[in-house]
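# Residue-level structural notes
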Amino acid sequence: MNIPDPETPVGARGIGEPPVGSACAAVLNAISDALGDDIFRRTPVMLDGILMALEHGRPMEEPLTAHI
C-alpha cells in the first residue's frame, strides 16, 4: 500500500500491529487451558476477575453481546 499514514510525522506505516492479535489469543488460550473454558468470557482478563471466578466457581462477568 503506497498511501502514507496521516497520523505519523513522516507518513510511515507500522508493521508491528498484526502480531498483537495473535499474542492476545495465545495468552487467552493458555489461561483457558489452565483454568477451564468458562472462567472468563471477555477481555481484558484481569487477575482479580480470575480469582473471583475461581472462588465462586462460576464466571463473574457476562459475555459480550452484539446487537445488530
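This text follows the structure it describes.
Residues numbered from 1 in each chain as written. Predicted model: local features only at pLDDT ≥ 70, side-chain atom pairs only at ≥ 80, totals over all residues. Heavy atoms only, no water.

Assigned secondary structure in the protein chain consists of two helices and zero strands. Computed over the C-alpha atoms, the radius of gyration of the protein chain is 18 Å, more than 25% above the 11 Å expected from 2.2 N^0.38 for a compact globule of 68 residues. The dimensions of the protein chain, computed from C-alpha atoms along their principal axes, are 50 × 30 × 20 Å. Taking all 68 residues of the protein chain together, the buried fraction comes to 15%. Once local pairs closer than 6 in sequence are excluded, the contacts in the protein chain between residues at least 24 apart make up 0%. On the protein chain, roughly 5800 Å² of surface is accessible, and the fraction owed to carbon and sulfur atoms is 61%. One way to put it: in the protein chain the 4 positive side-chain charges average out to a point 6 Å from where the 10 negative ones average out. (Helix = DSSP H or I, 4+ residues; strand = E, 2+ residues; numbered from the N terminus. Rg over C-alpha atoms; globule rule 2.2 N^0.38 Å. Buried < 20%, exposed > 50% of the residue type's maximum accessible area, 1.4 Å probe, protein only. Contact = heavy atoms within 4.5 Å. Areas by Shrake-Rupley, 256 points an atom, 1.4 Å probe, with all protein chains shown as cover. Lys, Arg positive; Asp, Glu negative; His and termini not counted. Charge placed at Lys NZ, Arg CZ, Asp CG, Glu CD.)

Another aspect to go through is the environment of aspartate 5. By the secondary structure assignment, aspartate 5 is in the segment before helix 1 (18-35). When sequence neighbours within four positions are dropped, the list of residues in contact with aspartate 5 reads Gly11, Ala12 and Arg13.

On to the side chain of serine 32, then. Within the secondary structure, serine 32 sits in helix 1. For serine 32, a relative accessible area of 11% gives the class buried.

Note on placement: isoleucine 39 falls in the loop between helix 1 and helix 2 (47-56). The exposure class of isoleucine 39 is buried, given its relative accessible area of 14%. Residues isoleucine 39 and proline 59, 20 residues apart in the sequence, show an inter-C-alpha distance of 5.0 Å. Setting aside chain neighbours within four positions, we find isoleucine 39 in contact with Ile50, Ala53, Leu54 and Pro59.

As a further point, take the side chain of aspartate 5. Judged by its relative accessible area of 19%, aspartate 5 falls in the buried class. Of the polar contacts made by the side chain of aspartate 5, one reaches the backbone nitrogen of glutamate 7; its length is 3.1 Å. (Polar contact = N/O pair within 3.5 Å; in protein donor to acceptor, adjacent residues only side chain to side chain.)

Moving on to the nonpolar core. Counting residues in hydrophobic clusters, the biggest one holds six residues: Leu28, Ile31, Ile39, Phe40, Ile50 and Ala53. At the level of elements, helix 1 and helix 2 are the ones that each hand at least two residues to this core. (Core = buried A, V, L, I, M, F, W, Y, C linked by side-chain atoms within 4.5 Å.)

Take a nonpolar patch on the surface next. Taken together, the side chains of Leu35, Leu47, Leu51 and Leu54 make up a nonpolar region of the molecular surface, amounting to roughly 360 Å² of accessible area. Ranked by residues supplied to the nonpolar patch, first place goes to helix 2 with three residues. In this fold, leucine 54 is placed in helix 2. (Patch = residues over 30% accessible without salt bridge, like charges linked within 9 Å, V, L, I, M, F, W, Y side chains within 5 Å. Salt bridge = Lys/Arg side-chain N within 4 Å of Asp/Glu carboxyl O.)

A separate point is helix 1. Compared with the 26 Å implied by 1.5 Å per residue over 18 residues, the 27 Å span of helix 1 between its first and last C-alpha is a close match. Buried positions along helix 1 lie against helix 2. (Expected span 1.5 Å × (residues − 1).)

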